[in-house]
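The primary structure of each chain is shown beneath.
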Amino acid sequence: AFSFLRLFQNLGTYGLAFWLPSIIQEFGLGAPQTAPLLSVPSAAMAVLSGISFSYLVDRAYFPSGYLVFASLVVSLISFIVMTTVHLKPVIYAFIIVATLSSAADNTVMSSWMTLTLEGSSQIGFAFAFSNSLGQLGGIIGPQIFRARYAPTYTVPYAVCLAFLGLAMIIVTFIWLKTKNVTYKLMRERRQRLKERSVDPNEKPVYNHEVSELTEFK
């Protein structure tokens, strides 16, 4: 399920990131010499969003499933706007939003997959298979943005919407299957962070050493 989630997410978002300078130029958002520069804000925001989501997961503020689903919702809304609205400033703003939301959950998804699987062999195989299937999405995704759909790219955006919808369905399925273990691991993580805050020099408490877990709120 994680593998197909990564596949559909890449199918829905990778094409936009791959052709971003060309899309900006063809839509008239910038001249050929400035179009690459206009793609810098989206890349910078993607890095910041990835760091922010990783911090939220590390501190156990939100479950990974919620963050992945939220990022997909933001991406879905962004592609809906880009499909239906043709105002240049609005398109550019939501291109940035779609890029940062799609990049935000990559590290979160990897952490979610690691925590909910058992055994190093199972985790290793899951990572290898999901990355391989995700690369397939990275190959096919850019092919959706054909030159004949320029400059509005309405059809590619609509296709990306369909793939993102499938990804949201898969996220919901994974969350229903893993929510109990996710909450358990969040309680353990909060317990470790609480003990470290009391005594920073104390030996870290690992999962198998936790005897009493605080209730998740």
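In case you missed it, the structure is sitting above this.
On a predicted model such as this, the values are computed, not experimentally measured, just so you know. (Residues numbered from 1 in each chain as written. Predicted model: local features only at pLDDT ≥ 70, side-chain atom pairs only at ≥ 80, totals over all residues. Heavy atoms only, no water.)

Novice: I'd like a rundown of the overall build of the chain, residues and numbers included.
Specialist: Of regular secondary structure, the chain possesses eight helices and zero strands. Per-residue burial over the chain gives 42% buried out of 217 residues. A fraction of 74% describes how many contacts in the chain between residues 6 or more apart in sequence connect residues 24 or more apart. When the accessible surface of the chain is totalled, it reaches about 11500 Å², and 66% of it is carbon and sulfur. (Helix = DSSP H or I, 4+ residues; strand = E, 2+ residues; numbered from the N terminus. Buried < 20%, exposed > 50% of the residue type's maximum accessible area, 1.4 Å probe, protein only. Contact = heavy atoms within 4.5 Å. Areas by Shrake-Rupley, 256 points an atom, 1.4 Å probe, with all protein chains shown as cover.)

Novice: So, the pattern of salt bridges: which residues are in play, and what are the values?
Specialist: In this structure the tally under the stated criterion is three salt bridges. Put simply, Arg 189 and Asp 58 hold a salt bridge, and the shortest N to O gap is 2.9 Å. Residue Arg 189 is found in helix H8 (residues 154-198), and its partner Asp 58 is found in helix H4 (residues 40-58); the two are separated by 131 residues along the sequence. A residue is classified by how much of its surface remains accessible, and Asp 58, at 35% relative accessible area, is partly exposed. Note that Glu 188 is salt-bridged to Lys 184, the shortest N-O span being 2.6 Å. In this pair, Glu 188 and Lys 184 are both assigned in helix H8, four residues apart and thus about one turn of the helix distant. A relative accessible area of 3% places Glu 188 in the buried class. Residues joined by salt bridges that share partners form a network here, namely Asp 58, Arg 59 and Arg 189. (Salt bridge = Lys/Arg side-chain N within 4 Å of Asp/Glu carboxyl O.)

Novice: Explain the side chain of Ser 3 to me, using residue names and the numbers behind them.
Specialist: As for its position among the elements, Ser 3 is in helix H1 (residues 2-18). From its side chain, Ser 3 meets the backbone nitrogen of Ser 130 in a polar contact 3.5 Å long. Setting aside residues up to four positions removed in sequence, Ser 3 forms contacts with Ala 126, Phe 129, Ser 130 and Leu 133. (Polar contact = N/O pair within 3.5 Å; in protein donor to acceptor, adjacent residues only side chain to side chain.)

Novice: Could you give an account of the environment of Ser 3, with specific residues and numbers?
Specialist: Judged by relative accessible area, Ser 3 falls into the buried class, the value being 8%. Between the C-alpha atoms of Ser 3 and Gly 134, which are 131 residues apart in sequence, the distance is 6.9 Å.

Novice: Please give an account of the side chain of Ser 130 that cites residues and values.
Specialist: When you line up the elements, Ser 130 lands in helix H7 (residues 120-140). When neighbours within four sequence positions are excluded, Ser 130 is seen to be in contact with Ser 3, Arg 6 and Met 113.

Novice: Tell me about the nonpolar core, and name the residues and values.
Specialist: In terms of nonpolar packing, the biggest core is built from 45 residues, with Leu 5, Leu 16, Leu 72, Phe 79, Met 82, Phe 145 and Tyr 157 touching the most fellow members. Those elements giving two or more residues to this core turn out to be H1, helix H2 (20-26), H4, helix H5 (64-84), helix H6 (88-116), H7 and H8. Take this core: its biggest share by element is 12 residues, from H8. Here Tyr 157 is in contact with Leu 16, Ile 23, Phe 79, Met 82, Thr 83, Phe 145 and Thr 152, once residues within four sequence places are set aside. (Core = buried A, V, L, I, M, F, W, Y, C linked by side-chain atoms within 4.5 Å.)

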